[in-house]
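Analysis of the macromolecular model
What follows is each chain in one-letter form.
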Amino acid sequence: MMITYRMFAVWRRNFTVYKTFYKASLVGNIGEPVLYLFAMGFGIGSYITEMEGLSYIEYIAPGLIITSSMYSATFECTFGSFTRLTVQRTFDSILNTPVSLSELVMGEITWGMTKSMISGTTMMIIMTLFGLYTPDYSLPLILLTIMLTGYIFAAAALCCSSIAPSYDFFNYYFTLFITPMFFLSGVFFPMDNFPEAFQWFSQILPATGSVSLLRYFFHGIVSSPLYFSFCLLVVLSLGLTIAAIKITRNRLIK
Amino acid sequence: MCQSPYIVEAQSLCKLYNGVAAVSGINFRIKRGELYGFLGPNGAGKTTTMRMIQCVSPITSGSLTVNGMFVGRDDRDIKAIIGVAPQDDSLDQDLSVIDNLVVYAGYFDIPRNKAISIGEGLLKFFHMEERKKARIDSLSGGMRRRLVIARALINSPTILILDEPASGLDPQARHLIWEKLRDLKSQGASMILTTHYMEEASQLCDRISIMDQGSIVLTGNPTGLVKENVGNEVIEFSISDNADKILGSINERYEIDGDLCIIYAKNPSSVLGKLAKYEISSLSRRPATLEDLFLKTTGRQLKSGP
């Protein structure tokens, strides 16, 4: 399971494709968060005077960055990777070259992570322009959190793609995994009022950790044990990497 | 160490898929600079054999070496000297013609500038330089196939593996590909191809192996094999009532396929002399081809493929 610099050849392939339609992609990256900020922040936010000492728009800003990163990586490594795996047979072609399967998987995951970094960074710029964030020492830590989040969701999505028989399979993934994450990871409301079982469940969702880390870096609010959250993200990254390599190998090497 | 005259050597090579043998204990040796063909019906094990040589499908047992390196141990080094032109359209639909070559070169660690110049050279060789920036879906079938072969040549491979290089193409496109493959051969490339196209095999291959049900049935030079196993000419006619009597009178091998009787004649004039008195109207004679050999060795019945 040797992983060398050759994984970047796979990353570069995806980047070369991205360069040809990055404009359309950026429109989505910019348009969506602005829409969320208006709808949630000014729309719903005007009915909510205060959340843990913050205005509603301030409260949800860190979480929106995480959900946007989560969705970018997820879409890239579900629909995107699955297309390359099946319809386009890109993976088959790559495996005919000295690039190993592990390197192929790493190239895909790091590309999914890059996509989430692009949307996360775009969000950060917009948040800063809206005055919701003032860049300070926390910036590298915020970017690191986004990176880890993107990595985890890219790896998880690739696992899903490698077992998916068809595109319809992603319905399960989104309904059972991604959508609950969107609502139950403390982006829009604290989980304190939920039954205890839900609170525990929420704590082990990777997005919950990312959201609370980011909320801490933004506003100094501690909503979950931060070291635990950070360690969970690291452990999940490693575990999902191994799983993604194993599952993709089972799918492709016969 | 003296270099072996064989570029690929297989001994008792086996491949099982879930306990079912796709390739069962085959032996073959491909010489350097040779154009070697694997023929056989669908499911005969040709593609599986290719995939093992390419190091993408692990071998179950036996040994397989490529340029003195062992498949299963030196996979990365083997892949570096092989060029693969797959059967299906595996071109990168998201990239332009030249980017297909440049990105693929990246997998071989070829620097971008060098890749562009090699890529442009290959496009020129395959008469595609004007389509450099075109999208893949705007190319004709023949052009796509040429691009697949060009892509397989990007790392200047020692061995080129071609899976059905000209199937499904119109005659012009097919002949252009054959011409280019002959050019490559004259430059000293070793090539392995699989094909159903008998004409392709007889036009191009120095030697062929006919596979059936996971085994190699025959190996040799196409013309020699046909002469030896089929005969010089084939005489065909529709069966009439006195077929048994007719066939009994000739001393050659024959086969009956539906209402067609096929005689593989070593001595065609003597057969025709004997047949003359029966006044058969549907009689035809033609030279024996690889197709006759193929049908004779692998059977006329349609096999259900995988």
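Only a predicted model underlies this, so the values are computations on that prediction, with no experimental measurement involved.

Spatial strand order, 2-1-4-5 (chain B): 4 strands in an open sheet with antiparallel pairing. Only two strands of the sheet have a single partner each, and these edge strands are strand 2 (20–31) and strand 5 (69–70) of chain B.

Turning next to helix 5 (residues 141–152) of chain B. Counted at 1.5 Å a residue, the expected span for helix 5 of chain B with its 12 residues is 16 Å, and the 17 Å between its end C-alpha atoms agrees. Of all 12 residues that make up helix 5 of chain B, 11 are buried, and the element is covered over most of its length. Considered for burial, the residues of helix 5 of chain B that qualify are B:Gly142, B:Met143, B:Arg144, B:Arg145, B:Arg146, B:Leu147, B:Val148, B:Ile149, B:Ala150, B:Arg151 and B:Ala152. Of the surrounding secondary structure, the elements contacted by the buried residues of helix 5 of chain B are helix 4 (90–95) of chain A together with strand 6 (82–85), helix 3 (97–107), helix 4 (112–125), strand 7 (159–163) and helix 6 (171–186) of chain B.

Further remarks concern the interface of chain B and chain A. Contacts between chain B and chain A engage 27 residues on the former and 24 residues on the latter. Summed over both partners, the interface of chain B with chain A buries about 2,100 Å², with 52% contributed by carbon and sulfur atoms. When the area that chain B buries against chain A is broken down by residue, the three leading residues are B:Arg76, B:Asp94 and B:Tyr107, summing to 35%. Linking chain B to chain A there are 3 salt bridges. The closest approach of N and O atoms between B:Arg76 and A:Glu103, which form a salt bridge, is 2.9 Å. Summed over the shared surface of chain B and chain A, the number is 11 residue pairs in polar contact (both at pLDDT 80 or more). Where the side of chain B that touches chain A is concerned, the elements lending two or more residues are strand 1 (6–17), helix 2 (75–81) and helix 3 of chain B. When residues in the side of chain B that touches chain A are grouped by element, the largest group, 5 residues, is from helix 3 of chain B.

All names here are of chain B. As for its position among the elements, Asp292 is in helix 11 (residues 290–298). For Asp292, the side chain forms a polar contact with the main-chain nitrogen of Thr289, separated by 2.9 Å. Not counting chain neighbours up to four residues away, the residues in contact with Asp292 comprise Val230, Val234, Tyr264, Arg286 and Pro287.

Bringing the confidence of the model for chain A into the picture now. Per-residue confidence for chain A gives a mean pLDDT of 91; residues scoring 70 or more make up 100%. For chain A, the element scoring lowest by mean pLDDT is helix 2 (residues 22–43) of chain A, at 83; helix 6 (residues 139–163) of chain A scores highest, at 96.

Once that is clear, we can look at the packing of aromatic side chains. Tallied over the entire structure, the rule returns 34 aromatic pairs over all chains. Their ring planes at 75° and their centres at 5.6 Å tell us that A:Trp11 and A:Trp111 sit as a pair that is edge-to-face. Note that A:Trp11 is positioned in helix 1 (residues 7–20) and A:Trp111 in helix 5 (residues 101–129), a separation of 100 residues in sequence. Classification of A:Trp11 as partly exposed rests on a relative accessible area of 22%. With a centroid separation of 5.9 Å and an interplanar angle of 75°, the aromatic rings of B:Tyr104 and B:Tyr107 are classed as edge-to-face.

Rules of the game
- Residue numbers here run from 1 along each chain, matching the order of that chain's written sequence.
- Labels are handed out in written order, letters beginning with A for the chains and numbers beginning with 1 for the ligands.
- Per-residue local features of the predicted model are confined to residues with pLDDT of at least 70, and side-chain atom pairs are confined, for both listing and counting, to 80 or more; whole-chain, interface and lining totals are unaffected and use all residues.
- Calculated side-chain values reflect all of the structure's heavy atoms, with hydrogen atoms and water omitted.
- Following DSSP output, two strands are said to pair if at least two bridges run between them.
- Each helix is a run of DSSP H or I of at least 4 residues and each strand a run of E of at least 2, with the numbering of both proceeding from the N terminus.
- Here the expected length of a helix is defined as 1.5 Å per residue gap, with one fewer gap than residues.
- To sort residues, take the accessible area from a 1.4 Å probe on protein chains only and compare it with the maximum for the residue type: under 20% means buried, over 50% means exposed, and anything in between is partly exposed.
- Contact criterion: two residues are considered in contact whenever any of their non-hydrogen atoms come within 4.5 Å of each other.
- What gets called buried area is simply the loss in accessible area from a 1.4 Å probe that two parts show on being joined, summed for both.
- A side-chain nitrogen of Lys or Arg and a carboxyl oxygen of Asp or Glu constitute a salt bridge if their distance falls within 4 Å.
- Distance and chemistry together define a polar contact, namely a pair of N or O atoms within 3.5 Å, with one atom able to donate a hydrogen and the other to accept it when in protein, and with adjacent residues in sequence counting only for side-chain atoms on both sides.
- Per-residue confidence from the predictor is given as pLDDT, running between 0 and 100.
- Aromatic pairs are defined between Phe, Tyr and Trp rings, using the six-membered ring for Trp, whenever the two ring centres lie within 6.5 Å; interplanar angles under 30 degrees are classed as stacked, those over 60 as edge-to-face, and all others as tilted.

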